[in-house]
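# Examination of the molecular architecture
In case you want the letters, here they are:
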Amino acid sequence: MQNIVILAGNIGQNPESRTTQGGTQITNFTLATSRPRYLEGKVVRDDNGYRVQDTEWHRITAFNGLGKTIQEHCEKGMKVLVRGRIHYTKWTDRDGVDRYGCEIIAETVDFLSRAKPAVDGKTSDNDLDDDIPF
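Note that the structure is a prediction, hence the values are computed from the model and not measured.

### Overview of the overall build of the protein
Looking only at helices and strands, one finds one helix and eight strands in the protein. Seen in sequence order, the protein has helices and strands lined up from the N terminus as β-β-β-β-β-β-α-β-β. The burial tally for the protein puts 30% of its 134 residues in the buried class. A separation of at least 24 residues holds for 59% of the contacts in the protein among residues at least 6 apart in sequence. Of the accessible surface of the protein, which amounts to about 9800 Å², a share of 49% is contributed by carbon and sulfur atoms.

### Things to note about the nonpolar core
Within the largest apolar cluster, 15 residues are counted, with the highest numbers of intra-cluster contacts made by I11, F29, L31, I60, V80 and V82. Those elements that place two or more of their residues in this core are β1 (5–11), β3 (25–36), β6 (53–63), β7 (79–92) and β8 (98–111). Every residue in contact with V82, bar those within four places of it in the chain, is listed here: V5, I6, L7, F29, L31, I60, I104, A106, T108 and V109.

Cut-offs used in this document
Residues numbered from 1 in each chain as written. Predicted model: local features only at pLDDT ≥ 70, side-chain atom pairs only at ≥ 80, totals over all residues. Heavy atoms only, no water. Helix = DSSP H or I, 4+ residues; strand = E, 2+ residues; numbered from the N terminus. Buried < 20%, exposed > 50% of the residue type's maximum accessible area, 1.4 Å probe, protein only. Contact = heavy atoms within 4.5 Å. Areas by Shrake-Rupley, 256 points an atom, 1.4 Å probe, with all protein chains shown as cover. Core = buried A, V, L, I, M, F, W, Y, C linked by side-chain atoms within 4.5 Å.

Below, the structure is given as structure tokens:
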């Protein structure tokens, strides 16, 4: 059996990196994915006729070279495609309560838009419609 995840979405905040005592670079960011909301088999629309979207947030973790590339070239709002695996963690907090977490360990990250708008004032790829057909 395989543990494979593919997510396409927008980066929620600028990536943050740290280095462990052993020298491993760890880079984290959040990724927002959206899908249309359905009710009784039909897409829900707001008062202006726009589709209502449900957004989910995913914690993404990348290591070493991939993490360095993400840190250098990615920023909030950028569209990316993340391929990786789901990783669940369990820990006990200060009060002795068991806590659980879920993150995506990235194996590849493809840039779907440019990180910064063009300097000549033209619109960037970030202005493209973010509807991804499935």
